[in-house]
Amino acid sequence: MRALSLTGSLALLTMTATLAAGCSGSSDDAGTGGSGGSGGLPSASSATGGGAASSGGTTAGTGGTGATSGSTSGASSSTSTTAGTGGGSASSSSGAGGTANPGSELGNGTMEGSGRSSERYETGLVSRDDTPYVLITNGWGPGFDSHTISWEGTSFTVESMSGAAGSMGQPASYPTVFCGRYSVMEVPDCGLPAPSASITSLRTGWRWAKNGNEGEYNAAYDIWMGNGTRLQGYLMVWLRDPPSFQPAGQPNPAHQGVTVANVPGTWNIWNGMVNGLPIVNWVRAEGNDSYEIEFDVMDFVRDAQTRGLSVPGDQVNAVAVGFEIWEGPITNLKSLDFYVDVN
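A.B. asks: Sorry, what's going on with the sheet that holds strand S11 (residues 202-209) here?
C.D. replies: Hydrogen bonds between backbone groups are what pair the strands of a sheet, and the pairing can be parallel or antiparallel. Strand order in the open sheet made by the 6 strands is S4-S7-S8-S21-S11-S19, with antiparallel pairing throughout. Strand pairing shows two members of the sheet lacking a second neighbour, strand S4 (114-117) and strand S19 (292-296), which therefore form its edges. Strand-to-strand twist in this sheet, taken as the mean axis angle between neighbours without regard to direction, amounts to 20°. Direction of pairing for strand S7 (residues 144-152) relative to strand S8 (residues 155-163): antiparallel, over a ladder of 8 bridges. Bridge pairing in S8 places His-147 opposite Met-161.

A.B. asks: Would you mind showing me how to read the packing of aromatic side chains here?
C.D. replies: For any two aromatic rings, the description comes down to two numbers: the centre-to-centre distance and the angle of the planes. One pass over the structure, following the stated rule, counts 19 aromatic pairs. For the ring pair Trp-206 and Phe-323, a centre distance of 5.6 Å and an interplane angle of 45° mean the geometry is tilted. Here Trp-206 is found in strand S11, whereas its partner Phe-323 is found in the loop between strand S20 (315-322) and strand S21 (330-342), with 117 residues between them in sequence. Look at Phe-323 and you get buried, because its relative accessible area is 0%. Relative to Phe-323, the ring of Trp-208 has its centre 5.8 Å away and its plane inclined at 65°; by these criteria the two rings are edge-to-face. With Trp-208 in strand S11 and Phe-323 in the loop between S20 and S21, this residue pair connects regions lying 115 residues apart in the sequence. The exposure classification of Trp-208 matches that of Phe-323, with both residues buried. Directly above the ring of Tyr-217 sits Arg-240, whose terminal nitrogen or CZ lies 4.0 Å from the centroid.

A.B. asks: Looking at this structure, how should I read the nonpolar core?
C.D. replies: Burial of nonpolar side chains together is a common tendency in soluble globular proteins. Grouped together as the largest cluster of nonpolar side chains are 55 residues, with contacts concentrated most on Trp-267, Trp-282, Val-319 and Phe-323. Core analysis: the next-biggest nonpolar cluster, separate from the first, contains 25 residues, Phe-178, Val-184, Tyr-234 and Val-274 among them.

A.B. asks: Is there a simple way to think about the side chain of Ser-173 in this case?
C.D. replies: With respect to the helices, strands and loops of the structure, Ser-173 is situated in the loop between S8 and strand S9 (176-180). In contact with Ser-173, other than residues within four places in its own chain, are Asn-138, Gly-139, Trp-140, Phe-144, Met-161, Phe-323, Glu-324 and Ile-325.

A.B. asks: For this particular structure, what's the right way to read the pairing of S19?
C.D. replies: Side chains on a regular strand alternate between the two faces of the sheet. Buried residues dominate S19, accounting for 5 of its 5 residues. Along S19, one buried face is formed by Glu-292, Glu-294 and Asp-296 and the opposite face, lined by Ile-293 and Phe-295, is buried too. Examined bridge by bridge, S11 and S19 share 5 bridges and lie antiparallel to one another. If you follow Thr-204 over to S19, its bridge partner there is Phe-295.

A.B. asks: Just to check I follow, could you spell out the pairing of strand S6 (residues 131-136) for this structure?
C.D. replies: Here strand S5 (residues 122-128) pairs with S6 via 6 bridges, running antiparallel. Residue pairing for S6: Leu-125 is matched across the bridge by Val-134. Turn length for the S5-S6 hairpin, with the two strands adjacent in sequence and antiparallel, is 2 residues, and the turn residue Asp-129 shows positive phi of about 50°. In this sheet, S9 lies alongside S6 in antiparallel orientation, the contact comprising 3 bridges. Along S9, the bridge assignment pairs Ile-136 with Thr-176.

A.B. asks: Whenever I open this one, helix H1 (residues 297-306) confuses me. Can you help?
C.D. replies: The α-helix winds at 3.6 residues per turn, so residues separated by three or four positions along the chain end up facing the same way. With respect to burial, H1 is a largely interior element, 7 of its 10 residues being buried. At the C-terminal side of H1, Gly-308 shows a positive phi close to 75°.

A.B. asks: When you look at unusual backbone geometry in this model, what are you seeing that I'm missing?
C.D. replies: Outside of glycine, negative phi angles account for most residues, and trans bonds account for most peptide bonds. Here the residue pair Leu-192 and Pro-193 is connected by a cis peptide bond, since its omega of 5° sits within 30 degrees of zero. With respect to the secondary-structure elements, Pro-193 resides in the loop between S9 and strand S10 (194-195). Phi is positive for Asn-262, which is not a glycine, with a value near 70°. Note on placement: Asn-262 falls in the loop between strand S16 (258-260) and strand S17 (263-274). What makes Asn-262 exposed here is its relative accessible area of 65%. For Asn-332, which is not glycine, the phi dihedral falls at a positive 65°. Note on placement: Asn-332 falls in strand S21. Given the relative accessible area of 32%, Asn-332 is considered partly exposed.

Here is what the cut-offs are and how they apply
Residues numbered from 1 in each chain as written. Predicted model: local features only at pLDDT ≥ 70, side-chain atom pairs only at ≥ 80, totals over all residues. Heavy atoms only, no water. Pairing = 2+ DSSP bridges. Helix = DSSP H or I, 4+ residues; strand = E, 2+ residues; numbered from the N terminus. Axes fitted to C-alpha atoms, helices over the stretch in contact; angles between N-to-C directions. Phe/Tyr/Trp six-rings, centres within 6.5 Å; stacked < 30°, edge-to-face > 60°. Buried < 20%, exposed > 50% of the residue type's maximum accessible area, 1.4 Å probe, protein only. Lys NZ or Arg CZ within 6 Å of the ring centre and 35° of its normal. Core = buried A, V, L, I, M, F, W, Y, C linked by side-chain atoms within 4.5 Å. Contact = heavy atoms within 4.5 Å.

Below is the structure:
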């Protein structure tokens, strides 16, 4: 494993048609998603990360930090707390509202590549079962203060984080692990990008634990669609909806409390535009967190198409998971396991 510090050494990511998934909106702009910043590491080349950022929308340069990937949030008026205990140990269920998965691949991977960093922007090259991934510490937001993140393979821990939401509702950070062409120069040879038509299945799983953190953060998949090089749209799957922030776009009244074929749980769909690119978000209801899930990404692609919410792009560029954190302090928030299996 190599750990590459990007702090201060890379130019601002040039935002050419690719801004991060779901932009974060301010709490004063509920339902619109705001113009939001998005996080992501500053990339050395606009051609390498597909452009912008990690999950959640992006803005073209957030305060000169070079961040490009961001949150999918607008504001939420509800105040319910999250359900369950955070699943601090590995379990075979998909969390509240989910279903048991006796054939789970989670918890069985061989992890390689470890590190620990307090750098705002750092990458770690890691692997799970010999498949390469990239971890990015990703303190991209204008309200970022500090963090310490440790990792082993595709598992990582936000040991500590402090910061606040930006004036436009941007998360302070989005620590992330990904497979494919994402927001930084490194592109792991994990099977993505790949043409959608050539994919028989794109199986993925994620298990995480909140460990008592009840605050303003989500737990979200960020799936980048495009042409293999250029980002053209986003699909996001929120396993946790925080008390005061919501996805980019607007809630789609025709698609609330819906199910997705072959995927556990029920979802509220938000859709709209992020810096000129379409986004579709499937969101667990607030207080109904899911701490473990496994699914075929193509089932969400097909679900969007069936509902008339298709996102342009004939390739899946990247699949990422992480925590969009709007406010600290956060302590010991864990991503326990993550995998992507392209067939």
